[in-house]
Amino acid sequence: MKFLLHPGKLTLNEIRTLLDENTELELDIACHAGIHASEKIIKEIISQGRIVYGVNTGFGALANTMIPTANLEDLQRRIVLSHAAGTGELFADKIVRLTLALKINSLARGFSGVKIQTINALIRLFNASIYPCIPSQGSVGASGDLAPLAHLSAVLLGVGHARHAGKIISAEEALAKIQLKPLRLGAKEGLALLNGTQVSTALALIGLFNTEEIFVSAIVAGAMSVDAARGSDKPFDARIQMVRGHAMQIQVAAWLKELLADSQILASHQDCQKVQDPYSLRCQPQVMGACLAQLNYVKQVLLTEANAVSDNPLIFSDNHDILSGGNFHAEPVALAADALAVSIAEIGALSERRTALLVDPHFSGLPAFLVKNPGINSGFMIAQVTAAALASENKSLAHPASVDSLPTSANQEDHVSMATYAARRLLNMTNNAVGMIGIELLAAAQGIDLLSPLKTSPKLQKIHYAIRKNIAYYAEDRFFAPDIEKIKLLILSGEIRHHAELNLF
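Conventions used here
The numbers attached to residues start from 1 for each chain and follow its sequence in the written order. Restriction of local features to residues with pLDDT of at least 70 applies here, the model being predicted, together with a cutoff of 80 or more for giving and counting side-chain atom pairs; totals for whole chains, interfaces and linings are based on all residues. The side-chain quantities take in all heavy atoms of the structure and omit both hydrogens and water. In this description, a nonpolar core means a group of buried Ala, Val, Leu, Ile, Met, Phe, Trp, Tyr and Cys residues linked to one another through side-chain atoms lying within 4.5 Å. The buried label applies to any residue whose accessible area, calculated with a 1.4 Å probe on protein chains only, is under 20% of its type's maximum; exposed applies above 50%, and partly exposed to all values in between. Helix and strand assignments come from DSSP, with helices taken as H or I runs of at least 4 residues and strands as E runs of at least 2, each series counted from the N terminus. Every residue pair with non-hydrogen atoms within 4.5 Å of one another is taken to be in contact. In this scheme, strands are said to pair when DSSP sees at least two bridges between them. Axes here refer to lines fitted to C-alpha atoms; in helices the fit is confined to the stretch in contact. Angles between the N-to-C directions go from 0 to 180 degrees. Here a salt bridge means any side-chain nitrogen of Lys or Arg lying within 4 Å of a carboxyl oxygen belonging to Asp or Glu. Angle categories: roughly parallel below 35 degrees, roughly antiparallel above 145, roughly perpendicular from 65 to 115, and oblique for all the rest. Crossings are assigned a handedness: left-handed for a near helix turned anticlockwise from the far helix by less than a right angle, right-handed for a clockwise turn. Charged residues are taken to be Asp, Glu, Lys and Arg, nonpolar residues to be Ala, Val, Leu, Ile, Met, Phe, Trp, Tyr, Cys and Pro, and polar residues to be all remaining types, Gly included. Pairs of N or O atoms are called polar contacts if they sit within 3.5 Å, as long as, within protein, a hydrogen donor faces a hydrogen acceptor (for residues adjacent in sequence, only side-chain-to-side-chain pairs). Here a helix's expected span is defined as the number of its residues, less one, multiplied by 1.5 Å. Directions are taken from the helix axis to each C-beta atom, and the arc is the one they span. Pairing of aromatic rings covers Phe, Tyr and the six-membered ring of Trp, with a centre-to-centre limit of 6.5 Å; geometry is then stacked below 30 degrees between planes, edge-to-face above 60, and tilted otherwise.

Trainee: Give a detailed account of the nonpolar core, specifying residues and quantitative values.
Mentor: Ranked by size, the top nonpolar core spans 161 residues in total, and within it Leu27, Leu205, Phe215, Met224 and Leu441 carry the most contacts. For this core, the element with the highest residue contribution is helix α9 (residues 198-228), accounting for 18 residues. Met224 has contacts with Leu441, Ala444, Ala445, Ile448, Leu460, Ile463 and Ile467, leaving out every residue within four places of it along the chain.

Here it is in structure tokens:
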């Protein structure tokens, strides 16, 4: 499928489309004029002998070192090779794919001074699903994601490695597959490729997309747990939410009411003596509504950054200005990733508490650990322990990364954002959260089974059926771990969201 890129105008749905390897990128020809204009200004600067940072100077703390014109091409090659100093596990293909797309989107806006041939080389890598091998550690999110973007850019020079169809190949082989010779970078091109927040933004976007699936599934799991625990839907009454006034709290309560509508289980205990449910059931609109508000904030920040020009210096061809600033500082991404991390931790923590409630017969009124013949059967005993372990791990991971800063580059970069780590840890956190919510979904489905012949609501019956189609009822103990992996796949595939039929995103 061809995707026509209008630089600077990506939507979140279009970004999701670009993650699909069947999508091929094509630049809107209207952007070519701006790209050529900024490249022309770089050539004029060199021909006029003007001294401009990043064009004919050293970099970072070496900004006051002038570079002779004869050495400018070598300068750009050297910055790529010297900055490719990352370490750690390689990023997954989808992260590199999105990084390539965001880098293309930024450079094609025409403020960076790169040649159209360089942008087209990135597009050819993207379209051929050839992904430079990028180590996951080494960026502090200050002068952009320097080390990881250097590893990406090195492949254009025929240096390093790339992954294609799951196999790691040399950079030379990667370029040969797209019929390219190693590039010779012009003045400023190496710096433009290395500067920018595209890696941290790609990581944060993947974290956001995962969190959206988790959030929907947590709303569904919360509604199922209310029914399985024979809780009340009265706390979701719209009047309660309206007098507080938070829009997302109002919305979450409406979704919970919608999911529980016409439940036989709910109707069976309307006149019971229970006065109030525990907070993990009762306060879902307040907690999940606050988390949803954070997700909306994060979406706005990351969409802006995905379309941003974040290298330095920037070229404004309309008036021939070249300005040095700090758009490469990834603080907006770091703060957004931290906000998302706290929300992920809270979503998971609330889910774990509901699972703990369901396995406790004193709270749920169900058989101990959600299995008949408890004693000989342990049921969900250790599944809840796993959820607790994951919740505790996420609490530690949720500590804000953006409050940390170590000066780099001989104190030239004296405040850093730590955005890359802030975003990278979201992948571990979402994996933990999907495990917690998956365990809750299994527990709630089991609880609903144990209340048969009473039925849950029509909407939740669809979810229950989707779960049982893949994971059998626990009549007795069995090997539990594969079921957790199955429910995690159901969540991340979007199947839970599909059956919920809620217009959340």
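Still more to cover.
Trainee: Break down the sheet that holds strand β7 (residues 167-170) for me, citing the residues and quoting the values.
Mentor: A sheet is described by the order of its strands in space; here 3 strands give the open sequence β4-β6-β7, paired in antiparallel fashion. For this open sheet the edge positions go to β4 (130-132) and β7, each flanked by a neighbour on one side alone. Strand-to-strand twist in this sheet, taken as the mean axis angle between neighbours without regard to direction, amounts to 35 degrees. The sheet contacts of helix α4 (residues 93-107) involve β4 and β6 (161-164), and relative to β4 the element is tilted by about 90 degrees.

Trainee: Could you give an account of the pattern of salt bridges, naming the residues involved and the relevant values?
Mentor: Tallying each qualifying case throughout the model produces 20 salt bridges. Of the charged contacts in the structure, one is a salt bridge between Glu73 and Arg184, with a shortest N-O distance of 2.8 Å. One end of the pair, Glu73, is in helix α3 (residues 72-83); the other, Arg184, is in the loop between α7 (171-177) and α8 (189-194), and 111 residues separate them in sequence. Among the residues examined, Glu73 registers a relative accessible area of 36% and is labelled partly exposed. Measuring nitrogen to oxygen at the nearest pair gives 2.8 Å for the salt bridge that ties Asp93 to Arg163. Of this pair, Asp93 sits in helix α4 while Arg163 is found in strand β6, placing the two residues 70 residues apart along the sequence. Taking the relative accessible area as the measure of exposure, Arg163 reaches 18% and is therefore buried.

Trainee: Describe unusual backbone geometry, naming the residues involved and giving the relevant values.
Mentor: Here the bond from Asn312 into Pro313 is cis, since omega is -5 degrees, no more than 30 degrees from zero. Backbone torsion omega between Ser452 and Pro453 reads 15 degrees, so that peptide bond is classified as cis. Counting through the fold element by element, Pro453 comes out in the loop between α18 (419-450) and α19 (458-470). Here Asp262, not a glycine, exhibits a phi torsion of approximately 70 degrees, which is positive. Among the secondary structure elements, Asp262 is positioned in the loop between α11 (247-260) and α12 (264-268). In this structure Asp262 comes out as exposed when scored by relative accessible area, which is 68%. Within the chain, Phe369 stands out as a residue other than glycine whose phi angle is a positive 60 degrees. Looking at the element boundaries, Phe369 is found in the loop between α16 (361-364) and α17 (381-397). Under the relative-accessibility criterion, Phe369 is labelled partly exposed at 26%.

Trainee: I'd love a proper account of the packing of α4 against helix α5 (residues 116-127), names of residues and values included.
Mentor: Interaxial distance between α4 and α5 falls to 10 Å at its minimum, and their mutual angle equals 155 degrees. Taken together, the axes of α4 and α5 are roughly antiparallel relative to one another. The interaxial crossing formed by α4 with α5 has left-handed handedness. Residues Arg97, Leu100, Ala101, Lys103, Ile104 and Leu107 of α4 lie in contact with α5, whose contacting residues are Ile119, Leu122, Ile123, Leu125 and Phe126. In the contact of α4 with α5, the residues fall into 9 nonpolar, no polar and 2 charged.

Trainee: Hey, could you go over the pairing of β7 for me, with residue numbers and the actual values?
Mentor: Of the strand pairs in this sheet, β6 and β7 are connected by 4 bridges, and their pairing is antiparallel. Along β7, the bridge assignment pairs His161 with Ser170. Counting the residues between successive antiparallel strands, the hairpin from β6 to β7 contains 2 residues, one of them, Ala165, with a positive phi of roughly 55 degrees.

Trainee: Talk me through the environment of Ser153; I want residue IDs and the actual numbers.
Mentor: Looking at where Ser153 falls in the secondary structure, it is placed in helix α6 (residues 146-154). Once residues within four sequence positions are removed from consideration, Ser153 is found in contact with Val80, Leu193 and Leu194. A distance of 2.8 Å separates the side chain of Ser153 from the backbone oxygen of Leu149, its partner in a polar contact.

Trainee: Help me get a handle on α3, residues and values and all.
Mentor: With 12 residues, α3 should reach 16 Å at 1.5 Å per residue; the first-to-last C-alpha distance of 17 Å fits that figure. Leu72, Leu75, Gln76, Ile79 and Val80 are the residues of α3 that are buried. The buried side chains of α3 occupy one side of the element, clustering within an arc of 130 degrees when seen end-on. The elements touched by buried residues of α3 are α2 (32-48), α6 and α8.

Trainee: Give me the lowdown on the packing of aromatic side chains, citing residues and values where you can.
Mentor: The tally for this structure, following the rule as stated, stands at 4 aromatic pairs. Relative to Tyr474, the ring of Phe380 has its centre 4.9 Å away and its plane inclined at 70 degrees; by these criteria the two rings are edge-to-face. Taken together, the residues span a long stretch of sequence, with Phe380 in the loop between α16 and α17 and Tyr474 in the loop between α19 and α20 (481-492) at a distance of 94 residues. A residue is classified by how much of its surface remains accessible, and Phe380, at 1% relative accessible area, is buried. The exposure class of Tyr474 is buried, given its relative accessible area of 4%.

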